[in-house]
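Next come the chains, spelled out residue by residue.
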Amino acid sequence: MIALLQRVTSASVVVDDIKIANANAGVLVFLAVQKHDTERTAEQMQQRILAYRMFADNNNKMNKNISEINGDILVVPQFTLAANTNKGFRPNFSSAATPDHGKRLFDYFLNKLKAKYARVSSGKFAVDMQVYLVNDGPVTFWLEL
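Residues numbered from 1 in each chain as written. Predicted model: local features only at pLDDT ≥ 70, side-chain atom pairs only at ≥ 80, totals over all residues. Heavy atoms only, no water.

Focus: the packing of aromatic side chains
To describe a pair of aromatic rings, one takes the distance between the centres and the angle between the planes. Under the counting rule described, the total for this entry stands at three aromatic pairs. Here the aromatic rings of Phe 79 and Phe 93 are separated by 4.9 Å at their centres, their planes lie at 50°, and the arrangement is tilted. Highlighted residues: Phe 79 in the loop between strand 6 (72–77) and helix 3 (99–116) and Phe 93 in the loop between strand 6 and helix 3, separated in sequence by 14 residues. Relative accessible area serves as the criterion here: at 32%, Phe 93 is assigned to the partly exposed category. Between Phe 106 and Phe 125 the ring centres are 6.0 Å apart and the planes differ by 40°, which places this aromatic pair in the tilted class. Residue Phe 106 is found in helix 3, and its partner Phe 125 is found in the loop between strand 7 (120–122) and strand 8 (130–144); the two are separated by 19 residues along the sequence. Residue classification places Phe 125 among the partly exposed residues on the basis of a relative accessible area of 26%. (Phe/Tyr/Trp six-rings, centres within 6.5 Å; stacked < 30°, edge-to-face > 60°. Helix = DSSP H or I, 4+ residues; strand = E, 2+ residues; numbered from the N terminus. Buried < 20%, exposed > 50% of the residue type's maximum accessible area, 1.4 Å probe, protein only.)

Rendered as structure tokens:
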């Protein structure tokens, strides 16, 4: 499982010209499920995201996690993060989960995250979306399990 975390001041997801999700200050998570991922991987990733310290403390050090700032989390499924780009000029998606496996684990991840943290919204799986964000910092981290 791969998560690209971006610290944001705001973010939103639009589908068919309708805003379906919104976040104020917090984290935008682009999430990719790989074919070897399991429920355990999804649980570990949600725990890691909730604990990840990417917000400034009083000394301007990244020592606070999302719950310590009472921030929002917006999760967007993005299978393209699982692409292998090591060769050629076209991405290879052989490590990405099948659509059924990806949707099942994305939903599982999202449910586990919402059970632990109330301020969570999401995009939709396998739908064309427009994602708008204001990256704060910019601060961006790549997490992979």
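Read on for the rest.
Here's the deal with the pattern of salt bridges
Close approach of charged atoms allows side chains with opposite charge to pair. Counted by the stated rule, this structure contains five salt bridges. In this structure, Arg 40 and Glu 43 form a salt bridge, with 3.6 Å as the shortest nitrogen-oxygen distance. With Arg 40 and Glu 43 both in helix 1 (residues 39–51) and three residues apart, the pair spans about one turn of that helix. Between Asp 72 and Arg 119 there is a salt bridge, with its nearest N and O atoms 2.7 Å apart. Here Asp 72 is found in strand 6, whereas its partner Arg 119 is found in the loop between helix 3 and strand 7, with 47 residues between them in sequence. (Salt bridge = Lys/Arg side-chain N within 4 Å of Asp/Glu carboxyl O.)

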